[in-house]
Amino acid sequence: MLMIRAIVRPEKTNIILAELNSAGFPAVTKMDVVGRGKQRGVKVGEVIYDEIAKEMLMLVVQDEKDKDDVVGIIAKYAKTGEKGAFGDGKIFVTPVEEAYTISSGTKGL
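What you are looking at is a predicted structure, and each value in this text was computed from that prediction instead of being measured.

Asks: Help me understand a nonpolar patch on the surface in this model?
Replies: On the surface, V42, V44, V47 and Y49 cluster together into a nonpolar patch covering about 340 Å² of accessible area. On the secondary structure map, V42 appears in strand β3 (residues 42–44). Judged by relative accessible area, V42 falls into the partly exposed class, the value being 39%.

Asks: Would you take a moment to explain the nonpolar core for this structure?
Replies: The tendency in soluble globular proteins is for nonpolar side chains to be buried as a group. In terms of nonpolar packing, the biggest core is built from 14 residues, with V8, I16, L20, V61, V70 and I74 touching the most fellow members. Counting only elements with at least two residues in this core, the list comes to β1 (2–8), α1 (13–22), β5 (52–61) and α2 (64–78). Discounting residues that sit within four places of it in the chain, V70 has contacts with I4, L20, F25, L59 and V61.

Asks: Please clarify how the pattern of salt bridges should be interpreted in this entry.
Replies: Opposite charge on two side chains permits them to pair, given that their charged atoms come into close proximity. Under the counting rule described, the total for this entry stands at eight salt bridges. Residues R9 and E11 are paired through a salt bridge, measuring 4.0 Å at the closest nitrogen-oxygen approach. Its relative accessible area of 55% is what places E11 among the exposed residues. One salt bridge in this structure joins D69 and K65, with 2.6 Å as the shortest N-O distance. With D69 and K65 both in helix α2, this residue pair falls four residues apart, about one helical turn. Residue classification places D69 among the partly exposed residues on the basis of a relative accessible area of 29%. Shared partners join several salt bridges into a network, and the residues in it are R9, E11 and D88.

Asks: Teacher, can you tell me more about the environment of L20 here?
Replies: Along the polypeptide, L20 turns up in helix α1. Separated by 49 residues in the primary sequence, L20 and D69 have C-alpha atoms spaced 9.0 Å apart. For L20, the contacting residues outside a window of four places in its chain are F25, P26, V28, V70, I73 and I74.

Asks: Sorry, what's going on with the environment of M1 here?
Replies: Structurally, the position occupied by M1 is in the segment before β1. The exposure class of M1 is partly exposed, given its relative accessible area of 23%. Along the backbone, M1 and K90 are 89 residues apart, and their C-alpha atoms lie at a distance of 20 Å. For M1, the contacting residues outside a window of four places in its chain are V60, V61, Q62, T94, P95, V96, E97, E98, A99 and L109.

About the criteria used
Residues numbered from 1 in each chain as written. Predicted model: local features only at pLDDT ≥ 70, side-chain atom pairs only at ≥ 80, totals over all residues. Heavy atoms only, no water. Patch = residues over 30% accessible without salt bridge, like charges linked within 9 Å, V, L, I, M, F, W, Y side chains within 5 Å. Areas by Shrake-Rupley, 256 points an atom, 1.4 Å probe, with all protein chains shown as cover. Salt bridge = Lys/Arg side-chain N within 4 Å of Asp/Glu carboxyl O. Helix = DSSP H or I, 4+ residues; strand = E, 2+ residues; numbered from the N terminus. Buried < 20%, exposed > 50% of the residue type's maximum accessible area, 1.4 Å probe, protein only. Core = buried A, V, L, I, M, F, W, Y, C linked by side-chain atoms within 4.5 Å. Contact = heavy atoms within 4.5 Å.

Structural data, given as structure tokens:
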């Protein structure tokens, strides 16, 4: 199992969630987050905004094929413009050793 965490622009979240659902990945956790990338925020005039609003999407998939599908969907729909732009986000993939459903106590997805 693999956990995919994507930090994306808030205005991209609805289309990403719709596309994930259509592709058979309806189970997603969404959180409002703030942060900055390597560009260290945005400067407007003399003001530096270093806590930029983003949303984090988290989901766990069974295998590499599912991971490739999910990462592809997120990357495609999170990107702004043809070449993308600073602040489009990041995708992180990490292994998951075990998962349990609380209500039933069953192990696995």
